[in-house]
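Okay, here's what each chain looks like letter by letter:
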Amino acid sequence: MAAHRLRPCVGRLFGMGPELGSGRRAYSAFQAFTEVLRLPSKQLTKLVFPLQELHGHFVPGSRPDLHLNIFHPSLEDIARAESFFTASARNRIEYLTSAVRLDHAPDLRRPEGHTKKINFYKVGKHFTLVDMPGYGYRAPEDFVDMVETYLKERKNLMRTFLLVDSVVGIQKADSIAIEMCEEFALPYVMVLTKIDKSSKGHLLKQVLQIQKFVDTKTQGCFPQLFPVSAMTCSGIHLLRCFIADITGNLDY
């Protein structure tokens, strides 16, 4: 799985599947999950379940509903999911191809074409991550033809992930992307990035505001938020497990 840095204040869409979106690259810095399991309970919760850890900072009796139990896998399931994101001789994680239009999107068995628009990364035999350009004022001129058409017509697209900068919250560009997902009836997820960049109080405020937005203003958004940090790896293991789950790779 590969990833690219999200520009500040610009919402970023990526589709997940068999075709799935990718986040920013930080894999060389990730702790092996076996090491994570050795951490003290509070540290483990903060690293693996950051939303749960944030929830604990609210006053008992007045804690908001952050939908913590919609996706709350066991540590065993998270450990299983990690294997899909670990490169090995049997589980190659590699750049596949790029596409500029929907008809350039690869047949995963026989990829063709090479551009620098929508990037496809094959994760073993399990699924493909699709990294899309940012949506906003820095978006490519042909964004509508390139990305919106892909999202509307790609039949094996299973989930779209919208990265929202947790420091600044939902911005105009994010709202446009959300409206597009709602209009196309795409199931999507909000991933809150850069949770290491804010004070605890500011982050709690942003989480409350974004959760309220999801609960009252959206229909296709997964109710549970996924806060993550590429610097500390907080939330990454849970997000990986979610990807493995929605692609059917955790089915027993």
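Just so it is clear, the model here is predicted, and its values are computed rather than measured. (Residues numbered from 1 in each chain as written. Predicted model: local features only at pLDDT ≥ 70, side-chain atom pairs only at ≥ 80, totals over all residues. Heavy atoms only, no water.)

Q: Quick question: what am I supposed to make of the packing of aromatic side chains here?
A: What characterises a pair of aromatic rings is the spacing of the ring centres plus the angle enclosed by the ring planes. Enumeration according to the criterion identifies eight aromatic pairs in this entry. Ring centres of Phe222 and Phe242 lie 5.0 Å apart, and the angle between their planes is 55°; on these two criteria the pair is classed as tilted. Within this pair, whereas Phe222 is found in the loop between helix H7 (200–217) and strand E8 (226–227), its partner Phe242 is found in helix H8 (residues 236–246), the two being separated by 20 residues in sequence. Among the aromatic residues, those joined into a cluster by ring pairs are Phe71, Phe161, Phe222, Phe226 and Phe242. (Phe/Tyr/Trp six-rings, centres within 6.5 Å; stacked < 30°, edge-to-face > 60°. Helix = DSSP H or I, 4+ residues; strand = E, 2+ residues; numbered from the N terminus.)

Q: I keep staring at the packing of helix H4 (residues 75–84) against H8 and nothing clicks. Help me out?
A: For any two helices packed against each other, the geometry comes down to the angle between their axes and how far apart the axes lie. Between H4 and H8, the shortest axis-to-axis distance is 8 Å and the interhelical angle comes to 80°. Accordingly, the angle class assigned to the pair H4 and H8 is roughly perpendicular. On H8, the residues touching Asp77, Ile78, Ala81, Glu82 and Phe84 of H4 are His237, Leu238, Arg240, Cys241 and Ala244. Its residues assigned to classes, the contact of H4 with H8 shows six nonpolar, one polar and three charged. (Axes fitted to C-alpha atoms, helices over the stretch in contact; angles between N-to-C directions. Parallel < 35°, antiparallel > 145°, perpendicular 65-115°, else oblique. Contact = heavy atoms within 4.5 Å. Nonpolar A, V, L, I, M, F, W, Y, C, P; charged D, E, K, R; others polar.)

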